[in-house]
Amino acid sequence: MAGDRIGLLRIMKEDLEVVVARDPSMRNRREALLHAALPALWSHRVAHRLHRRGMRMTARIIAWYARRGTAVEIHPGAVLGRRVFIDHGAAVVIGETAVVGDDVTIYHQVTLGAVGWWSDNARPEGERRHPVVGRNVVLGTNATVLGPVTIGEHAVIGAQALVNKDVPPGARVLAATAVIKAVGKEPEPMEDLYAVTASAGSW
């Protein structure tokens, strides 16, 4: 990843600038310093470097404190690219072998997880268990991506969507929204299932 060749402080500065750029509620950098998910992201930047150097326990302790303070759980082994934006942050989970590309946007309650121990314990040592997310992907609120799947660049995983297969670049994976039924009337059939879909995030 590009982050391995670029200074930590420069990457963290980019993280701060992304908060200002993508969160309309933030007016400047000083305000962005109080963004809920920024401490989790910065803690992971440090913990990941320690993890790569074999300091696994120290990395785990940093991740543990970050989770307690932000409700964002990122395993120190996960690889996060540059300018990753985690909005709100609450209940975001990113597993050990996940790879998140540059300029990805992640809304709250997103899980980049494994299928389950009953499957993963049978995998060969070192085999990936978690998703790879390409550049410029948007992961909407409560989206769940499970297993060693690949999400192609510029794809959008909509709110509430469950993904356990590869997604091609530029694709839209959208969960159907609830049907509104007026009192005393039968709901009209949906002519186009894709006409009403969940938004990508919490806009």
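Residues numbered from 1 in each chain as written. Predicted model: local features only at pLDDT ≥ 70, side-chain atom pairs only at ≥ 80, totals over all residues. Heavy atoms only, no water.

**Concerning the sheet that holds strand S12 (residues 156-157)**
To keep things clear, this is the line we draw: Should DSSP find at least two bridges between two strands, the strands are regarded as paired. Elements are defined by DSSP. Helices are runs of H or I of four residues or more, strands are runs of E of two residues or more, and each kind is numbered from the N terminus.
If you trace the five strands from one edge of the open sheet to the other, you get S3-S6-S9-S12-S14, paired in parallel fashion. Each having just a single partner strand, strand S3 (85-86) and strand S14 (172-173) make up the two edges of the open sheet. As paired elements, S3 and strand S6 (residues 105-106) share two bridges and run parallel to each other. In the sheet register, Ile-86 faces S6, and the bridge partner there is Ile-106.

**Things to note about helix H1 (residues 8-22)**
As a reminder of what qualifies: Given a helix with a known number of residues, its expected span is that number minus one, times 1.5 Å. The rule is simple: take the accessible area with a 1.4 Å probe, protein chains only, and divide by the maximum for that residue type; under 20% is buried, over 50% is exposed, in between is partly exposed. In what follows, residue pairs with any heavy atoms lying within 4.5 Å of each other are defined as contacts.
The terminal C-alpha atoms of H1 lie 21 Å apart, and with 15 residues this matches the ideal 21 Å at 1.5 Å per residue to within 8%. Every buried residue of H1 is listed here: Ile-11, Met-12, Glu-14, Asp-15, Leu-16, Val-18 and Val-19. On its buried face, H1 is in contact with helix H2 (29-32), helix H3 (38-52) and S3.

**Observations regarding the packing of H3 against helix H4 (residues 56-70)**
Heads up, the condition is: With axes taken as lines fitted to C-alpha atoms, and helix axes fitted only over the stretch in contact, angles between N-to-C directions fall between 0 and 180 degrees. Working definition: roughly parallel below 35 degrees, roughly antiparallel above 145 degrees, roughly perpendicular at 65 to 115 degrees, and oblique for all remaining angles. Gly counts as polar in this scheme, as do all residues outside two lists: the nonpolar Ala, Val, Leu, Ile, Met, Phe, Trp, Tyr, Cys and Pro, and the charged Asp, Glu, Lys and Arg.
It is at 8 Å that the axes of H3 and H4 come closest, and there the two elements cross at 170°. As summarised for this structure, H3 and H4 are arranged roughly antiparallel, according to the angle between their axes. Mapping the contact onto sequence places Pro-39, Ala-40, Ser-43, Val-46, Ala-47, Leu-50 and His-51 in H3 and Arg-56, Thr-58, Ala-59, Ile-62, Ala-66 and Thr-70 in H4. Taken together, the residues of the contact of H3 with H4 sort by class into eight nonpolar, four polar and one charged.

**Details of the side chain of His-51**
Within the secondary structure layout, His-51 lies in helix H3. For His-51, a relative accessible area of 15% gives the class buried. Once residues within four sequence positions are removed from consideration, His-51 is found in contact with Arg-56, Ala-59, His-75, Pro-76 and Gly-77.

**Side note on the nonpolar core**
Looking at soluble globular proteins, one finds that nonpolar side chains tend to be buried together. This is how it is decided: Among buried residues, the Ala, Val, Leu, Ile, Met, Phe, Trp, Tyr and Cys ones that are joined through side-chain atoms within 4.5 Å form a nonpolar core.
Grouped together as the largest cluster of nonpolar side chains are 30 residues, with contacts concentrated most on Ile-94, Ile-106, Leu-112, Leu-139, Ile-151 and Ile-157. Within the residue set of this core, elements represented by two or more residues are H3, strand S1 (72-74) and strand S4 (92-94). Counting seven residues, the second largest nonpolar core, distinct from the first, contains Leu-16, Val-18, Ala-32 and Leu-38.

**Examining the sheet that holds strand S7 (residues 111-113)**
Across the sheet, five strands lie side by side as S1-S4-S7-S10-S13; this open sheet has parallel pairing. Two strands in the sheet have a free side with no partner beyond their single neighbour: S1 and strand S13 (162-163).

**Let's talk about a nonpolar patch on the surface**
Here is the rule: Patch building starts from residues that exceed 30% relative accessible area and form no salt bridge, then joins like charges within 9 Å and nonpolar side chains (Val, Leu, Ile, Met, Phe, Trp, Tyr) within 5 Å. All accessibility values rest on the Shrake-Rupley procedure with a 1.4 Å probe; residue burial counts only the protein chains present in the view. Counted as salt bridges are all cases of a side-chain nitrogen of Lys or Arg within 4 Å of a carboxyl oxygen of Asp or Glu.
Residues Ile-61, Trp-64 and Tyr-65 make up a contiguous nonpolar surface patch of about 360 Å² in total accessible area. Its place among the elements puts Trp-64 in helix H4. Judged by its relative accessible area of 46%, Trp-64 falls in the partly exposed class.

**Side note on the packing of aromatic side chains**
What counts here: Think of it this way: a Phe, Tyr or Trp ring, Trp meaning its six-membered ring, pairs with another when their centres are within 6.5 Å, and the plane angle makes it stacked under 30 degrees, edge-to-face over 60, tilted otherwise.
This structure, assessed with the given rule, holds two aromatic pairs. Taking 4.9 Å as the distance between ring centres and 80° as the angle between the ring planes, the aromatic pair formed by Trp-64 and Tyr-65 counts as edge-to-face. Both rings, one in Trp-117 and one in Trp-118, keep their centres 5.8 Å apart while their planes meet at 75°; by these two values the pair is edge-to-face. Residue classification places Trp-118 among the exposed residues on the basis of a relative accessible area of 58%.

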